[in-house]
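Spelled out, the chains give:
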Amino acid sequence: MKQIYLDNNATTTVKPEVLEAMLPYFREQFGNPSSVHWAGRMVSGAIEKAREQVAQLLNCSSAEVVFVSCGSEGDNFAIKGTAEALRHKGNHIITTTVEHPAVLETCEYLEKNGFEVTYLPVDKDGMLDLADLEAAISDQTILISVMWANNETGNLFPINEIGEIARRHKVRFHTDAVQAIGKVPVDVQAAKVDLLVLSGHKIGAPKGVGALYLRRGTRMTRFMHGGHQERNRRAGTHNVPGIVGLGVACELARLNQEKDYAYVRRLRDKLEQGILSTVPDVKLNGHPNPDLRLPNTLNVSFNFIEGESLLLFFDMKGIAASSGSACTSGSLEPSHVMKAMGVDIVLAHSSVRFSFSADNTEEEVDYILAELPPIVQRLREMSPLYQREEPTPLHCDECRMVHKAS
Ligand SMILES: Cc1ncc(COP(=O)(O)O)c(C=O)c1O
């Protein structure tokens, strides 16, 4: 059976160059980078090289890069670390209703601990109104946290404009760039962000490693307590192979990004246009202008069908995609992003996300476009929500009766 992987916003395969670079750090170069002896010294240089590779991708200094274990840790660190460090200045945080749970649940935790959080709404296309953001800022606001790109719809937020607003009001700005890195250019100077989070496993590095960009002079309370690694900013023995892999993945992203954006965009657009023109009752979720979405992401709702059922049928054909619903304690909850966009509950349940990488091919898109319409039709036939068109009755001139069309 074919295997077509179109769930690259969930995770990516480790790139061959990344794996190759990591292997020595499991074997001969096994030391603890904090050790002063030869074994430690052998690996500490590799960590600094990786830091430089991350910094070059983000356009910052390597001293501003802190290695963490994943995107979720980075978001927790950025938000809780800011909240505690700036508690004396204010207790108000602004974020959006469509953030990843790593941000939303961190904010909800802080609400239980004396902070106030404004969750900015989005419109039907999933976009923010910057006037709402500016109006929400008060003299108590210490942090604005807005994602660079949404993981479900691929929508790109106006990060440079938000950076301007934050600067003007002297409010710290954090962005979760986990989905943007490697897919669109990310420059922390142009965007005027103070804190930015990325995750290795979304860009061809392994799971279990990420980085936090911490603008020079940004005061933070420590999040992980213990040893004095990462210049005292994050305790814990380094994940040396993972960090080396993250460095190489960032370098590959920097070198190949333009070529890769154009390539995945062509595949995504072909799938998008193919689905919208051949399958009836389909709704695009996200901004209608493809320039305002990540080049690799397509989210569509197939009306009258559960997204989960569609994924099972796709799986039988070897196609891996994902749905916006999260199966929690037996009940299928529609995605909070679809809810925030005001998507009708039936359509929200029928959403499917396809996310490409540069490893996908045009033949794969052709295969999906051939397999998808009959699967959708079959599931609709089984759906109680789907009203089949009654065939037009035949009037028989001979017996003057009405026969059902066959
Ligand atoms: C936008 C966004 N933020 C944060 C995360 C969490 O990253 P990690 O899986 O590295 O913890 C994800 C993962 O899907 C994500 O898409």
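Residues numbered from 1 in each chain as written. Predicted model: local features only at pLDDT ≥ 70, side-chain atom pairs only at ≥ 80, totals over all residues. Heavy atoms only, no water.

## What about the overall build of the protein?
Phase 1 of the analysis: Counting its regular elements, the protein contains 13 helices and 17 strands.
Phase 2 of the analysis: What you see for the protein is a C-alpha radius of gyration of 24 Å, in line with the 22 Å of a compact globule of 406 residues.
Phase 3 of the analysis: A principal-axis box enclosing the C-alpha atoms of the protein has dimensions of 100 × 55 × 40 Å.
Phase 4 of the analysis: By residue count, 55% of the 406 residues in the protein fall in the buried class.
Phase 5 of the analysis: Look at the contacts in the protein between residues 6 or more apart in sequence, and 72% of them connect residues 24 or more apart.
Phase 6 of the analysis: A total accessible area of about 18500 Å² is found for the protein, and carbon and sulfur atoms account for 53% of it.
Phase 7 of the analysis: Charge-centre separation for the protein: the mean point of 42 positive side chains lies 6 Å from the mean point of 51 negative side chains. (Helix = DSSP H or I, 4+ residues; strand = E, 2+ residues; numbered from the N terminus. Rg over C-alpha atoms; globule rule 2.2 N^0.38 Å. Buried < 20%, exposed > 50% of the residue type's maximum accessible area, 1.4 Å probe, protein only. Contact = heavy atoms within 4.5 Å. Areas by Shrake-Rupley, 256 points an atom, 1.4 Å probe, with all protein chains shown as cover. Lys, Arg positive; Asp, Glu negative; His and termini not counted. Charge placed at Lys NZ, Arg CZ, Asp CG, Glu CD.)

## Quick word on the domain arrangement of the protein
Phase 1 of the analysis: Segmenting the protein into domains produces domain 1 (16-253) and domain 2 (258-382).
Phase 2 of the analysis: Relative to domain 2, the C-alpha centre of domain 1 lies at a distance of 28 Å.
Phase 3 of the analysis: Each partner contributes to the interface: domain 1 provides 25 residues, whereas domain 2 provides 21 residues.
Phase 4 of the analysis: The junction of domain 1 with domain 2 conceals about 1800 Å² of combined surface from both sides, 59% of it contributed by carbon and sulfur atoms. (Domains from an automatic or database assignment. Buried area = accessible area lost by both parts, 1.4 Å probe.)

## As for the environment of Glu 105
Phase 1 of the analysis: Counting through the fold element by element, Glu 105 comes out in helix 4 (residues 101-111).
Phase 2 of the analysis: Taking the relative accessible area as the measure of exposure, Glu 105 reaches 52% and is therefore exposed.
Phase 3 of the analysis: Spatially, the C-alpha atoms of Glu 105 and Arg 168 are 28 Å apart, while their sequence positions differ by 63 residues.

## Quick notes on the UniProt feature "modified residue: N6-(pyridoxal phosphate)lysine" (unreviewed entry) in the protein
Phase 1 of the analysis: This chain's UniProt record puts "modified residue: N6-(pyridoxal phosphate)lysine" (unreviewed entry) on Lys 202.
Phase 2 of the analysis: Take Lys 202: it is sitting in the loop between strand 7 (195-199) and strand 8 (210-214).
Phase 3 of the analysis: For Lys 202, a relative accessible area of 15% gives the class buried.
Phase 4 of the analysis: Contacts of Lys 202, omitting those with residues within four sequence positions, involve Asn 9, Ala 10, Thr 12, Val 178 and Gln 179.
Phase 5 of the analysis: For Lys 202, the side chain forms a polar contact with the main-chain oxygen of Asn 9, separated by 2.9 Å. (UniProt positions renumbered as here; feature names shortened; annotations may be inferred. Polar contact = N/O pair within 3.5 Å; in protein donor to acceptor, adjacent residues only side chain to side chain.)

## Concerning the site of the ligand
Phase 1 of the analysis: In the vicinity of the ligand there are 13 residues, among which Ser 72, Asp 176, Gln 179, Ser 199 and Lys 202 approach most closely.
Phase 2 of the analysis: Measuring from a nitrogen atom of the ligand, one finds a side-chain N or O atom of Asp 176 at 2.6 Å.
Phase 3 of the analysis: Here an oxygen atom of the ligand and a side-chain polar atom of Gln 179 are 2.8 Å apart.
Phase 4 of the analysis: Summarising the interface, the protein chains cover 88% of the accessible area of the ligand, which totals 390 Å² for the free molecule.
Phase 5 of the analysis: Ranked by the residues each element gives to the shell around the ligand, the list is headed by helix 3 (residues 71-85), at three residues.
Phase 6 of the analysis: For the shell around the ligand, the residue count by class is three nonpolar, seven polar and three charged. (Near = heavy atom within 4 Å. Nonpolar A, V, L, I, M, F, W, Y, C, P; charged D, E, K, R; others polar.)

## Here's the deal with the packing of aromatic side chains
Where two aromatic rings form a pair, the distance of their centres and the angle of their planes describe that pair.
Phase 1 of the analysis: On inspection of all chains with the given rule, the structure shows three aromatic pairs.
Phase 2 of the analysis: Here Phe 304 and Tyr 386 contribute two aromatic rings whose centre-to-centre distance is 5.3 Å and whose plane-to-plane angle is 55°, an arrangement assigned as tilted. In this pair, Phe 304 is assigned in the loop between strand 10 (297-302) and helix 10 (307-316) and Tyr 386 in the loop between helix 13 (362-382) and strand 16 (394-395), connecting sequence segments 82 residues apart.
Phase 3 of the analysis: Ring geometry for Phe 314 against Phe 354: centres 5.9 Å apart, planes inclined by 45°, an arrangement best described as tilted. (Phe/Tyr/Trp six-rings, centres within 6.5 Å; stacked < 30°, edge-to-face > 60°.)

## Some words on a nonpolar patch on the surface
Phase 1 of the analysis: A cluster of nonpolar residues, Phe 30, Trp 38 and Met 42, forms a patch on the protein surface that exposes about 370 Å² of accessible area.
Phase 2 of the analysis: Topologically, Trp 38 is positioned in helix 2 (residues 38-58). (Patch = residues over 30% accessible without salt bridge, like charges linked within 9 Å, V, L, I, M, F, W, Y side chains within 5 Å. Salt bridge = Lys/Arg side-chain N within 4 Å of Asp/Glu carboxyl O.)

## Some remarks on the UniProt feature "binding site: pyridoxal 5'-phosphate" (unreviewed entry) in the protein
Phase 1 of the analysis: On the UniProt side, "binding site: pyridoxal 5'-phosphate" (unreviewed entry) is annotated at positions that read Gly 71, Ser 72, Asn 151, Gln 179, Ser 199, Gly 200, His 201 and Thr 237 here. For this annotated set, covering 167 residues, the C-alpha atoms extend up to 29.9 Å from each other, a dispersed arrangement in space.
Phase 2 of the analysis: For Asn 151, the location among the structural elements is in the loop between strand 5 (141-145) and helix 6 (159-168).
Phase 3 of the analysis: Once you skip the residues sitting within four places of it in the chain, Asn 151 turns out to touch Asn 9, His 100, Gln 179 and Arg 353.
Phase 4 of the analysis: Considering the arrangement of structural elements, one finds Gln 179 in the loop between strand 6 (172-176) and helix 7 (188-191).
Phase 5 of the analysis: Classification of Gln 179 as buried rests on a relative accessible area of 5%.

## Side note on the environment of Ile 275
Phase 1 of the analysis: Within the element layout of this structure, Ile 275 appears in helix 9 (residues 240-278).
Phase 2 of the analysis: A C-alpha to C-alpha distance of 10.0 Å links Ile 275 and Ala 370, two positions 95 residues apart in sequence.
Phase 3 of the analysis: Residue contacts for Ile 275: discarding those within four places in its chain leaves Val 282, Leu 298, Val 300, Phe 302, Phe 354, Leu 369 and Leu 372.

## A look at helix 6
Phase 1 of the analysis: Those residues of helix 6 that fall on the buried side of the exposure criterion are Ile 159, Ile 162, Gly 163, Ile 165 and Ala 166. Taken down its axis, helix 6 places every buried residue within 165° of arc, on the same side.
Phase 2 of the analysis: The elements touched by buried residues of helix 6 are helix 5 (130-136), strand 5, strand 6 and helix 7.
Phase 3 of the analysis: At the exit of helix 6 stands Lys 170, carrying a positive phi of roughly 55°. (Arc of directions from axis to C-beta.)

## Side note on the pairing of strand 5
Phase 1 of the analysis: Within strand 5, five of the five residues are buried, leaving the element largely enclosed by the surrounding structure.
Phase 2 of the analysis: In this sheet, strand 5 lies alongside strand 3 (residues 92-96) in parallel orientation, the contact comprising three bridges. The residue bridging Ile 94 from the neighbouring strand is Ile 144, located in strand 5.
Phase 3 of the analysis: This β-α-β element, strand 5 to helix 6 to strand 6, shows right-handed connectivity. (Pairing = 2+ DSSP bridges. Right-handed = clockwise from strand over helix to strand, strands pointing away.)

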